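Chain by chain, the residues:
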Amino acid sequence: THALSIQGLTKTYANGFVALKGIDLEVKQGDFFALLGPNGAGKSTTIGIISTLVNKSSGKVSVFGNDLDTHPLQLKRCIGVVPQEFNFNQFELAFNILVTQAGYYGIKRAEAKVRAEQLLKQLELWDKRDTQARLLSGGMKRRLMIARALVHGPKLLILDEPTAGVDIELRRSMWDYLIKLNREGTTIILTTHYLEEAEQLCRNIAIIDHGQIIENTSMRTLLTKL
Ligand code: ADP
Ligand code: ADP
């Protein structure tokens, strides 16, 4: 089974705007995959549908064999999503944000605390564990979003424009962390409008424009064409 399989996915928003015009996409287990495209292409819409936040209009989506229509809860358990905007409870402490999130997945409190500690340490946020989200820097908030997305141990991590507005130093350290996570077995999909990011990180790539996939190939093959 693929980590992600999408067939004939369409999305028409309530105002009639057709954001996805029939997308097919397959991402293999263990892959590091880029969905590249300009602003407005349909990247966030696609991720919103996979993460069950946006209703699709038609088509099939499955994650590790769990169909979105028939097994949405199993599907959700397999994925961690890092959205573009910060959407924390701004007054909650970093440590508690992770423990709360783990609770949504039915993870027991003692285990949740162990995982929160591990992730905060890995993402160099341990000394901020008792800091409210609103008091963290932009880079710290972003790392906290990654930690939160990983707290239930997802097999697929999806990041929407992970380094938008992030300075070069933090971008490098985030890239290093994601590379390590992928080596340890987590399948990763990221959206970006920034070819260099895809080039540095990803083995395979799909290019989306105006709600359609216009290219789907290995990073190596794409680079020889440019
Ligand atoms: P749906 O119920 O089809 O998923 P939403 O509830 O997400 O649609 O959106 C409701 C309305 O909000 C849309 O019909 C649209 O008018 C407006 N809207 C929200 N975000 C955007 C956007 N990025 N661009 C244009 N319109 C938007
Ligand atoms: P990307 O992530 O590639 O920038 P999006 O998936 O956010 O693209 O948006 C694709 C298109 O759908 C854009 O033209 C956007 O304005 C539109 N859109 C997004 N959300 C809504 C909405 N809720 N209602 C109507 N149009 C929307």
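Because the structure is predicted, anything quoted here is derived from the model rather than measured. Residue indices begin from 1 for each chain and proceed along its sequence in written order. Whichever chain is written first is A, and whichever ligand is written first is 1; the rest continue in order. Local features in a predicted model are, by the rule used here, given only for residues with pLDDT of at least 70; side-chain atom pairs are given and counted only at 80 or more, and totals for whole chains, interfaces and linings are based on all residues. Values reported for side chains reflect all heavy atoms of the structure, with hydrogen atoms and water molecules removed beforehand.

Some thoughts on the layout of surface pockets
In plain terms, the rule: Using a grid of 1 Å spacing that covers the protein atoms alone, one calls a set of points a cavity when a 1.4 Å probe fits there but cannot get out, and a pocket when the set is open and has protein on both sides within 12 Å along at least five of seven lines; lining residues are those with an atom within 4 Å of a point. Grid points are joined across faces, edges and corners, and a volume is the space filled by probe spheres set on the points. Secondary structure elements follow DSSP: runs of H or I of four or more residues count as helices, runs of E of two or more count as strands, with numbering from the N terminus. Here the nonpolar group is Ala, Val, Leu, Ile, Met, Phe, Trp, Tyr, Cys and Pro; Asp, Glu, Lys and Arg are the charged ones; every other residue, Gly included, is treated as polar.
Roughly 560 Å³ of internal volume is contained in the largest pocket. If you go around the largest pocket, you meet 23 residues; those closest to its centre are S51, L53, V81, P83 and N87. Looking at the lining of the largest pocket, the elements that each hand over two or more residues are α1 (43-50), β6 (79-82), α3 (94-104) and α5 (138-150). When residues in the lining of the largest pocket are grouped by element, the largest group, four residues, is from α1. Of the residues that constitute the lining of the largest pocket, the class distribution is 10 nonpolar, nine polar and four charged.

Notes on the pattern of salt bridges
Any two side chains of opposite charge can pair, so long as their charged atoms come close to each other. To keep things clear, this is the line we draw: Each salt bridge in this description consists of a side-chain nitrogen of Lys or Arg and a carboxyl oxygen of Asp or Glu lying within 4 Å of one another. Buried residues are those whose accessible area, probed at 1.4 Å on protein chains only, stays under 20% of the maximum for their type, while exposed residues exceed 50% and partly exposed ones sit between those limits.
Scanning the entire structure with this criterion turns up eight salt bridges. In this structure, D69 and K56 form a salt bridge, with 3.0 Å as the shortest nitrogen-oxygen distance. Residue D69 is found in the loop between β5 (66-67) and α2 (72-78), and its partner K56 is found in the loop between α1 and β4 (58-63); the two are separated by 13 residues along the sequence. By relative accessible area, which is 46% here, D69 ends up partly exposed.

Some words on the confidence of the model for the protein chain
Inclusion rule: Residue-level confidence of the predictor, termed pLDDT, takes values from 0 up to 100.
Confidence in the prediction of the protein chain, expressed as mean pLDDT, is 95, and 100% of residues score 70 or more. The complex model carries a pTM of 0.89, and its ipTM stands at 0.77.

Here's the deal with the side chain of D160
The criterion, for reference: The sign given to each residue is positive for Lys and Arg and negative for Asp and Glu; His and the chain ends receive no count. Definition of a polar contact: a pair of N or O atoms within 3.5 Å, with one able to donate and the other able to accept a hydrogen when the atoms are protein atoms, and with sequence-neighbouring residues admitted only if both atoms are side-chain atoms. Note on definitions: a residue-residue contact is assigned when non-hydrogen atoms from the two residues lie within 4.5 Å.
For D160, the location among the structural elements is in strand β7 (residues 156-160). Notably, D160 is buried but unbridged: the nearest opposite-charge side chain belongs to K43, and the N-O separation is 6.5 Å. Here Q84 takes part through its side chain, which lies 3.4 Å from a polar atom of the side chain of D160. Contact partners of D160, with chain neighbours within four places excluded, come to S44, I47, V82, P83, Q84 and T191.

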